[in-house]
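Report on the structure
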Amino acid sequence: MNRLIKKLSTLVFVLAWVLIGKVVCAIETSQQHESNVQVKHIDMYDEKRQRPVKVTVWFPAKNDCAEAILCLAENAKLDQGAVFSHGAMGAARGYNWIGYALASQGIITVGLNHYGESWVYGQETIDLSAVLRFWERPRDVIFVLNQLSQNHIKSDVDRPIFNKRIDWTNVTAIGHSSGGATVAALAGSQLELRKAETYCASLASKEDKSCGYMKHQLEAAKEGYNPSESFQDKRIKRIIAMDPALGHVTNEESLKRIEIPVLVIGSKQNDFLTYDTHAGYYAKNIPQAKNFVLDNGEGHFVYLDKCEHTYKANGVSICTDREGVNRNEVHKSIYPHLFGLIYGN
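Quick caveat, the model's predicted, so the values are computed rather than measured.

What follows is about the sheet that holds strand E3 (residues 81–85). Strand order in this open sheet of eight strands is E1-E2-E4-E3-E5-E6-E7-E8, and the pairing throughout is mixed. Each edge of the open sheet carries a strand with a single partner, namely strand E1 (37–46) and strand E8 (290–294). On average, each strand axis in the sheet is tilted by 20° relative to the strand beside it, whichever way the strands run. When strand E7 (residues 262–267) meets E8, the two strands line up parallel, connected through five bridges. Each bridged residue has a counterpart across the sheet, and for valine 264 the counterpart in E8 is asparagine 291. Across the sheet, helix H2 (residues 96–104) lies against E1, strand E2 (51–60), E3, strand E4 (109–113), strand E5 (171–176) and strand E6 (236–242), angled at about 50° from E2, the strand it touches most.

All right, on to empty space enclosed by the protein then. Leftover empty space is mapped by rolling, across the atoms, a probe with the size of a water molecule. Within this structure, the stated rule accounts for two cavities of 30 Å³ or more. By volume, the second largest cavity is sized at about 30 Å³. Leu148, Ser149, Asn151, Phe162, Lys164, Arg165, Ile166 and Trp168 are the residues that line the second largest cavity. Classifying every residue of the lining of the second largest cavity gives four nonpolar, two polar and two charged.

When you line up the elements, asparagine 63 lands in the loop between E2 and E3. When the C-alpha positions of asparagine 63 and alanine 73 are compared, they lie 8.0 Å apart, and in sequence the two are 10 residues distant.

Take the packing of H2 against helix H9 (residues 327–344) next. Relative orientation of the contacting elements H2 and H9 amounts to 50°, with a least axis distance of 12 Å. Judged on the interaxial angle alone, H9 and H2 are oblique. Between H2 and H9 lies a crossing of right-handed hand. Mapping the contact onto sequence places Trp97, Ala101 and Leu102 in H2 and His331, Ile334, Tyr335, Leu338, Phe339 and Ile342 in H9. When grouped by side-chain class, the residues that make up the contact of H2 with H9 number eight nonpolar, one polar and no charged.

Moving on, we get to the packing of aromatic side chains. The geometry of an aromatic ring pair comes down to the distance between the two centres and the angle between the two planes. Per the counting criterion, the structure on display carries eight aromatic pairs. An aromatic cluster is defined as three or more aromatic residues linked by ring pairs; in this entry it consists of Trp97, Tyr335, Phe339 and Tyr343.

This paragraph deals with the side chain of threonine 277. By the secondary structure assignment, threonine 277 is in the loop between E7 and helix H8 (279–285). Look at threonine 277 and you get buried, because its relative accessible area is 18%. Discounting chain neighbours no more than four positions away, the residues touching threonine 277 are Tyr199, Asp208, Gly247 and His248.

Moving on, we get to the nonpolar core. In this structure, Ile108 and Phe162 are the most contacted members of the largest nonpolar core, which totals 93 residues. Ignoring sequence-local partners within four residues, the contact set of phenylalanine 162 consists of Val57, Ala68, Leu70, Leu72, Ile108, Leu148, Asn151 and Trp168. With six residues, the next largest nonpolar core counts Val37, Val39, Trp58 and Ala103 among its residues.

What follows concerns H2. The element H2 is extensively covered by neighbouring structure, given that eight of its nine residues are classed as buried. Taken together, the buried positions of H2 are Asn96, Trp97, Ile98, Gly99, Tyr100, Ala101, Leu102 and Ala103.

Counting buried residues along helix H4 (residues 178–187), 10 of its 10 residues qualify, which places the element largely inside the surrounding structure. Those residues of H4 that fall on the buried side of the exposure criterion are Ser178, Gly179, Gly180, Ala181, Thr182, Val183, Ala184, Ala185, Leu186 and Ala187. For H4, the elements touching its buried residues are E3, helix H3 (136–150), E5, E6 and H8. Where H4 ends, the next residue or the one after it, glycine 188, has phi of about 125°, a positive value.

Our focus in this paragraph is the state of the cysteines. Tallied over the entire structure, the rule returns three disulfides. The side chain of cysteine 65 participates in a disulfide bridge whose partner is cysteine 71; the two sulfur atoms lie 1.8 Å from each other. A torsion of -60° about the S-S bond marks the disulfide between cysteine 65 and cysteine 71 as left-handed. Between the sulfur atoms of cysteine 200 and its disulfide mate cysteine 211 the distance is 2.1 Å.

Our next topic: the pairing of E5. Along E5, six of the six residues are buried, which leaves the element largely enclosed by surrounding structure. Alternating residues of E5 divide into Val171, Ala173 and Gly175 and Thr172, Ile174 and His176, and every residue in both groups is buried. Sheet topology places E3 next to E5; five bridges connect them, and they run parallel. Along E5, the bridge assignment pairs glycine 81 with valine 171. Summarising the sheet, E5 and E6 pair through six bridges and their orientation is parallel. Across the sheet, the residue bridging to isoleucine 174 is isoleucine 240, located in E6.

Cut-offs and rules
Residues numbered from 1 in each chain as written. Predicted model: local features only at pLDDT ≥ 70, side-chain atom pairs only at ≥ 80, totals over all residues. Heavy atoms only, no water. Pairing = 2+ DSSP bridges. Helix = DSSP H or I, 4+ residues; strand = E, 2+ residues; numbered from the N terminus. Axes fitted to C-alpha atoms, helices over the stretch in contact; angles between N-to-C directions. Contact = heavy atoms within 4.5 Å. 1 Å grid on protein atoms, 1.4 Å probe; cavity = no way out; pocket = protein on both sides within 12 Å on 5 of 7 lines; lining within 4 Å. Points joined across faces, edges and corners; volume = space filled by probe spheres on them. Nonpolar A, V, L, I, M, F, W, Y, C, P; charged D, E, K, R; others polar. Parallel < 35°, antiparallel > 145°, perpendicular 65-115°, else oblique. Left-handed = near helix turned anticlockwise from the far one by under 90°. Phe/Tyr/Trp six-rings, centres within 6.5 Å; stacked < 30°, edge-to-face > 60°. Buried < 20%, exposed > 50% of the residue type's maximum accessible area, 1.4 Å probe, protein only. Core = buried A, V, L, I, M, F, W, Y, C linked by side-chain atoms within 4.5 Å. Disulfide = S-S within 2.5 Å.

This is the structure we're talking about:
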C-alpha cells in the first residue's frame, strides 16, 4: 500500500509540473512587453550523449529577418551572453522575470531545460532519479555553449542561430536550486555524493527537504560518479547562484578554489533547503563571494515567476508565499545585485 501511495504521489507531482507548463506557455503567449524582447524555443540534440536539450532564448529582436533562426536588434550586446539553469523538475520558462530583464538590457539569455527533469519534454520523460544524476546538467550547459559558439545546430544547417556573432567566451551563468549547484560546478565546485547518507541521517537535516532525494543520491554514487571530475568551463566568467542546492555534498576545498566573481542569493527563513547547509555554505566557502540574504519570510520558490496554481513540492507550495511576501517585490530587490555583478565584472 505504501508503495502504491508513493507511486501515486509521484504521478501527481509530475502531472502538476506538466499542467504548470501549459499555464506558463499561455502566459508567455499573452504577455506584452514595451521593449523589443522576444522569447523563442530551440531544439538541440547532443549526439554524443544521445540526449535532447531544449533551450529557451530571451533576446532583443529584429523584425522581418529571415537570414537566421533568431534575428538580433541593434541594441543586442555582442560582447557577452548569459545561460540559465532551472531548479529540479522545473523549466527555464518559469523564470521569465530574469530572462526578460537581461534581454531588455541587450543581454542574450539562453535558458536550458534539463532532460529527465523538465516538463517541457512531456510527462513520459520525467524521471525523478534524474534530479541527482547531476553531472548531466553541467554537460548540458557545455554542449549548448559549444553550439552557440559555432552559431549553428545540425537540424537547421542552412541558417545560423543568430544573425550576429556573440562572444560566448564571456558568459554569466545563473541558476536556481539545482541550477545554482550547476553553475557552481561550471565555476569549479565538485561533489561528494556519498556524504548524503551521513548528513540526511543527522539531526541537522531535519528541516532539509532535499533529503527526500537521498535514495537517488546514493544510486547516483553507485553509478560511478567520479568526485574528482571537473566541469569547470573557462567561458563562464561570473556566476549567480539563487538558493543553490547540494551544499551538503559539495566539497569545501573545491569551493575555496573558485576565483571568478560569484553572487550567492539565499533565503534565510527557508522552507525547503536549510540556509546554513546550502546557500550559506556556498557563500561562506567561496572566496570573496558576494552574498545577498533574503530574511523576511521568503522561501525557496520565491525565485520562480509569480504563479497562482496550488501544486506543492514535498509539501511546500510552489506559488503561495508566506504572508507579507510579495514575489514581484522580491525580484525587484534582486535586480540591483544581479546587474551589479554583471556590469561590475
